[in-house]
Amino acid sequence: MTLAFTKMHGLGNDFVVIDATATPIDLDTARARRIADRRFGIGCDQILLVEPARSADADFGYRILNADGSESGQCGNGARCFARFVRENGLTDRDTITVDIRDGRMVIETLGDHHYRVALGVPEFDPARIPLAGFDAAPDYSLDDVAGSRVTFAALAIGNPHAVLRVADVDTAAVDTIGPALESHPAFPERVNVGFLEPLARDHVRLRVFERGAGETLACGSGAAAAVVAGIAAGDLDPTVAVDLPGGRARVDWAGPGEPVFLSGPAERVFDGKLVSSG
Ligand SMILES: N[C@H](CCC[C@H](N)C(=O)O)C(=O)O
């Protein structure tokens, strides 16, 4: 069976995008891992499935599979690529699209010059809904012995779970040790994306993210949104923030509790291909 796909990226966070609007595609964990493998497959951080809408007034459905085959409820960089894909593949001519995601929906607005603005939804701070086990809601949380260190972090969900650690310098942050140890820590029953945030000014931060199911990526859109929301909630950041990730700059806007968080940035199309292996 051959599988047509488009390789895309948002700030270096790369994706295999597949049109499943006409024909359902059932990717089991093994098949997803093989597609994402950078040696035996196509290679990507996430696989994005463009599906038919699941609700009456949405345009499409959206499913996200990490490189390890696990499913996520959100991918912010992927949402921008999703919008470019459906417009350039003639699946819609709308400048603004509404997309059903696993636990809700999002709206993606075309800004021009292959830039898009995604309404990622209202951030969720209730530990039970992140999920984060063993804690009552608080501005931040601490765990002892995470890769041998006591770590303190903010935690929230934006369709997917995030822990945000404040660091003095992202270049020297313990991403490779604390990242995986916290990603799979028992306190996070569904694992977690781990952001390392270096504030530079009230409207400018640096960020690295060790992603759940993918490891450190060049950019994480929902991670950028989560980091800025955590910083604004702590009183340290303004409502509009430039986020410098290793792969480039995103913009995050959040007006405060109860409001949706917005992520803006580019979406690049790299190549179209056809997967022929049966593996
Ligand atoms: N690893 C994430 C999914 C991809 C998120 C990221 N690529 C983004 O741009 O938001 C998770 O398991 O929740």
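Residues numbered from 1 in each chain as written. Predicted model: local features only at pLDDT ≥ 70, side-chain atom pairs only at ≥ 80, totals over all residues. Heavy atoms only, no water.

As recorded in an unreviewed UniProt entry, the chain goes by the name Diaminopimelate epimerase, listed as coming from Salinisphaera orenii MK-B5. The UniProt entry for the chain carries the following text under Subunit (unreviewed entry): "Homodimer." On record in UniProt, under Function (unreviewed entry), the comment for the chain is "Catalyzes the stereoinversion of LL-2,6-diaminopimelate (L,L-DAP) to meso-diaminopimelate (meso-DAP), a precursor of L-lysine and an essential component of the bacterial peptidoglycan." (UniProt positions renumbered as here; feature names shortened; annotations may be inferred.)

(A) Geometry of unusual backbone geometry. Note the cis peptide between Ile130 and Pro131, where omega equals -10°. Its identity is not glycine, yet Leu11 carries a phi of approximately 55°, on the positive side. Within the secondary structure, Leu11 sits in the loop between β1 (3–10) and β2 (13–19). When its relative accessible area of 8% is taken as the criterion, Leu11 is described as buried. Despite not being glycine, His114 shows a phi value in the positive range, around 60°. Take His114: it is sitting in the loop between β7 (104–112) and β8 (115–119). (Helix = DSSP H or I, 4+ residues; strand = E, 2+ residues; numbered from the N terminus. Buried < 20%, exposed > 50% of the residue type's maximum accessible area, 1.4 Å probe, protein only.)

(B) Structural context of the UniProt feature "active site" (unreviewed entry) in the chain. UniProt's feature table lists "active site" (unreviewed entry) at Cys75 and Cys220, given in the numbering used throughout. Of the residues just listed, which span 146 residues, no C-alpha pair is farther apart than 7.8 Å, and they cluster in one region. With respect to the helices and strands, Cys75 occurs in the loop between β5 (71–72) and α2 (76–88). On the basis of relative accessible area, Cys75 is assigned to the buried category, the value being 6%. Apart from residues no more than four positions distant in its own chain, Cys75 is found in contact with Asn13, Phe15, Gln46, Leu48, Tyr62 and Ile64. Assignment of secondary structure puts Cys220 in the loop between β14 (215–217) and α4 (221–233). Since its relative accessible area comes to 3%, Cys220 is described here as buried. Among all residues touching Cys220, those that are not within four sequence positions of it are Asn13, Asn77, His162, Val209, Glu211 and Leu245. (Contact = heavy atoms within 4.5 Å.)

(C) Expanded view of the pairing of strand β17 (residues 261–266). With five of its six residues buried, β17 lies for the most part within the structure. Relative to β17, β8 runs antiparallel, the two being bridged by five bridges. Across the sheet, residue Arg117 finds its bridge partner in β17, namely Ser264. Of the strand pairs in this sheet, strand β16 (residues 248–254) and β17 are connected by four bridges, and their pairing is antiparallel. Residue pairing across strands places Val252 opposite Leu263, the latter belonging to β17. (Pairing = 2+ DSSP bridges.)

(D) Summary view of the site of the ligand. Taken together, 15 residues lie around the ligand, and Asn13, Gly76, Glu211, Gly221 and Ser222 are the ones closest in. Side-chain polar atom of Glu211 to a nitrogen atom of the ligand: 2.8 Å apart, as the coordinates give it. Elements supplying a minimum of two residues to the shell around the ligand: α2 and α4. Looking at the shell around the ligand residue by residue, the class counts come to two nonpolar, eleven polar and two charged. Formed jointly, the shell around the ligand draws a minimum of three residues from each of two domains, domain 1 (2–121 + 267–276) and domain 2 (127–259). (Near = heavy atom within 4 Å. Polar contact = N/O pair within 3.5 Å; in protein donor to acceptor, adjacent residues only side chain to side chain. Nonpolar A, V, L, I, M, F, W, Y, C, P; charged D, E, K, R; others polar. Domains from an automatic or database assignment.)

(E) A look at the environment of Ile25. With respect to the helices and strands, Ile25 occurs in the loop between β2 and α1 (29–36). Between the C-alpha atoms of Ile25 and Gly265, which are 240 residues apart in sequence, the distance is 28 Å. Sequence-distant contacts of Ile25, that is, excluding residues within four places in its chain, are made with Leu3, Ile18, Asp19, Ala20, Leu49 and Arg63.

(F) Expanded view of the pattern of salt bridges. Tallied over the full model, the rule gives 28 salt bridges. Here Asp100 makes a salt bridge to Arg105, at a shortest N to O gap of 3.6 Å. Relative accessible area serves as the criterion here: at 5%, Asp100 is assigned to the buried category. According to the relative accessible area criterion, Arg105 is partly exposed, its value standing at 34%. (Salt bridge = Lys/Arg side-chain N within 4 Å of Asp/Glu carboxyl O.)

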